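A look at the structure
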Amino acid sequence: MSEPATLEIELISDNILEEEVIFPPGDILSDEPPLESDLHRDQIDLLIRILKLWWRERQDFYASGNLTIYYSPNQKKSEHFRGPDFFVVLGTQKKDRKSWVVWQEDGKYPNVIVEILSSSTTTVDKGLKKQIYQDTFRTPDYFWFHPVTMELQGFHLVDGKYQEIQVTTDGRLWSQQLELYLGVYEGKLRFFTTENQLILSSEESAEQERLRAEQAEERAQRAEREIARLREVLRIQGIDLENI
């Protein structure tokens, strides 16, 4: 067979394969590069763990980070995809996933996205990604945070355009989707309740309980010492408590 004929068959074959690869397999692996630093990894992990703990009774959300979101209109994993550092999808099933595939999740996009800025990602996070999250994802709440400079900024989608969220007097930003505040505490981006109470991690809760137990034990010991002192005073005065 001549070379042009062979080439024509190969092109036809490629076209057939291209048309066939419309519905990729259900379990598409995430394809995100390694995180830049321990600061970035720890920050993302902290947000995920705390929100899951806070919403531990809920079964209608998905929270993850540094995980690929596939959103190709042609339903191809090779086309359009992004990997937000932290994101939350509401009104979905709470289960583990290898990635977030929009066309396999009833067309749902994240309700909240947080990007952790770095020297190499700041321009993209504030420019291209912000545009995609506004125009394509239509994500209602978008935040970015720099773990070194402590820069924190947030946006809420109003009439299809991001409007900057006003900072409270405490330096926090309100997320309408989470119904929580985001703010900086001890160098980390954290969640706060509507009463401006810090939402604790499991480790912080355990430490708080330990301190409470220690304080209760100290109070009990002081009370016992005081009772013993009073008994001694009465004994010296010749008063027998057992006969009173």
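The paragraphs below set out a description of the structure included in this document.

1. A word on the sheet that holds strand β10 (residues 173–175)
With antiparallel pairing, 3 strands are arranged side by side in an open sheet as β10-β11-β12. Each edge of the open sheet is held by one strand with a lone partner, namely β10 and β12 (188–192). Neighbouring strand axes in the sheet, compared pairwise and without regard to direction, differ in orientation by 35° on average. Across 3 bridges, β10 lies against strand β11 (residues 180–185) in antiparallel orientation. Bridge pairing in β11 places leucine 173 opposite leucine 182. Against the sheet, helix α2 (residues 38–54) makes contact with β11 and β12, and its axis sits at roughly 10° relative to β12, the strand it touches most.

2. Topic: unusual backbone geometry
The residue arginine 138 is not glycine, and still its phi comes out positive at about 55°. Take arginine 138: it is sitting in the loop between α4 (128–137) and β7 (141–145). Given the relative accessible area of 41%, arginine 138 is considered partly exposed. Positive phi outside glycine occurs at glutamate 186, with the angle close to 50°. Tracing the backbone shows glutamate 186 in the loop between β11 and β12.

3. Things to note about the pairing of β7
Burial runs high along β7: 5 of the 5 residues are buried. Judged by which residues are buried, β7 turns out to be covered on both faces: Asp141, Phe143 and Phe145 on one side and Tyr142 and Trp144 on the other are all buried. With 5 bridges connecting them, strand β6 (residues 112–116) and β7 associate as parallel partners. Bridge pairing in β7 places valine 114 opposite phenylalanine 143. Two strands pair when backbone bridges link them, and β7 and strand β8 (residues 152–158) are joined in this way by 5 bridges, in the antiparallel orientation. Bridge pairing in β8 places tyrosine 142 opposite phenylalanine 155. Adjacent in sequence and paired antiparallel, β7 and β8 are bridged by 6 residues, among which methionine 150 carries a positive phi angle near 70°.

Cut-off values and rules
Residues numbered from 1 in each chain as written. Predicted model: local features only at pLDDT ≥ 70, side-chain atom pairs only at ≥ 80, totals over all residues. Heavy atoms only, no water. Pairing = 2+ DSSP bridges. Helix = DSSP H or I, 4+ residues; strand = E, 2+ residues; numbered from the N terminus. Axes fitted to C-alpha atoms, helices over the stretch in contact; angles between N-to-C directions. Contact = heavy atoms within 4.5 Å. Buried < 20%, exposed > 50% of the residue type's maximum accessible area, 1.4 Å probe, protein only.

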